[in-house]
Amino acid sequence: MSAQQPIGVFDSGIGGLSVLQALLAELPHEHFVYLADNGHAPYGEKTDLFVRQRSLAIAHHLVREHRIKALVVACNTATAAAIQELRHHHPHLPLIGVEPAIKPAAQLTRTGRVGVMATRGTVASEKFQRLLSSLQGSAEFEVCACNGLALAIEQTTLPAHQDRAPAEVTRLLRSYTRALGDFGQAPGQIDTLVLGCTHYVFAQEELQALLGPDVQLVSTGAPVARQTRRLLEAGGLLHAGPAPQTLAGRLQLFTTGDLAGLQAAAQRWLHLPPQGCQRTVIPL
Ligand code: DGL
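Conventions adopted
Residues numbered from 1 in each chain as written. Predicted model: local features only at pLDDT ≥ 70, side-chain atom pairs only at ≥ 80, totals over all residues. Heavy atoms only, no water. Phe/Tyr/Trp six-rings, centres within 6.5 Å; stacked < 30°, edge-to-face > 60°. Helix = DSSP H or I, 4+ residues; strand = E, 2+ residues; numbered from the N terminus. Buried < 20%, exposed > 50% of the residue type's maximum accessible area, 1.4 Å probe, protein only. Near = heavy atom within 4 Å. Polar contact = N/O pair within 3.5 Å; in protein donor to acceptor, adjacent residues only side chain to side chain. Areas by Shrake-Rupley, 256 points an atom, 1.4 Å probe, with all protein chains shown as cover. Nonpolar A, V, L, I, M, F, W, Y, C, P; charged D, E, K, R; others polar. Expected span 1.5 Å × (residues − 1). Contact = heavy atoms within 4.5 Å.

**Side note on the packing of aromatic side chains**
What the rule picks out here adds up to 1 aromatic pair. Note on F202 and W269: the rings are 3.8 Å apart at their centroids and 15 degrees apart in plane angle, and the pair reads as stacked. Of this pair, F202 sits in the loop between β7 (192-195) and α9 (204-211) while W269 sits in helix α11 (residues 259-270); the two residues are 67 residues apart in sequence, bridging distant segments of the chain. A relative accessible area of 16% places W269 in the buried class.

This is the structure we're talking about:
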């Protein structure tokens, strides 16, 4: 493994671009290969076994085809289902996962009530349930499995769905936040909301407008990027520079699904020209 090799990042789709934004800012000298598994999304509503198989196939592909030096699993659902097995199959590869930031949220809340939005797969996972139990007593957690929300956010970038998708995102955000309870600063109200799926970061502004400016939204991009830096440093794998001149010079994006959707997302959230995106096939 050498410091010149790229860092692999993957998600079921475009949600992981929210983590990639933080990685690009934290690690300006690094090259990245991003894989959006749109052809097999949404992960949150698939079985654990399926998500594990996809995660292993993607990791194997990124190691073999792109010679990655580290892997960021930019997906809460895949981390919950597959991180152990990924570590088992790639014992020498620095691996960084993401999980809902309920621990930091428990420290931030002043009312003692924290809302958590995540996919059904994450909420049902043993890993998440263990994390929740370990924090019992530190805050009261209201958890909502948000079926369909990641997909609706994904569809806001797809030409065929662009007309209806934003209204569907709004409908789901209203319905799931209502299900969580009352938001605000008064005793008994939820003052902190954990975005436990990397897709939800792209609905952050709308959520903030819906819940009011005083509710704190907690996501994981920046801490995951810092953890990636620490692991690379510890392994002597940090790229020393010089920093590449353009974003296109240090980033390649691939999708197993709709190319136009990834191109639109990369343009909207990374300001990357469409040529930076390609289609690929990763069989199980
Ligand atoms: N972005 C993913 C996560 O963080 C999953 C979305 C999905 O495919 O259901 O959980």
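Alright, that's what it looks like, and here's the rest.
**A look at the site of the ligand**
What surrounds the ligand is a group of 13 residues, the closest being S12, Y43, G44, T77 and H199. Taking S12, its side chain carries an N or O atom lying 2.6 Å from an oxygen atom of the ligand. For the ligand, the accessible surface in isolation is 300 Å², of which the surrounding protein chains cover 99%. A breakdown of the residues in the shell around the ligand according to their chemical character gives 5 nonpolar, 7 polar and 1 charged.

**Some remarks on helix α8 (residues 165-180)**
The end-to-end C-alpha distance of α8 is 22 Å, a good match for the 22 Å that 16 residues give at a rise of 1.5 Å each. On its buried side, α8 packs onto β5 (113-118), β6 (140-145), α7 (149-155), β7 and α9. Trailing α8 by a residue or two, G181 shows a phi angle of about 135 degrees, which is positive.

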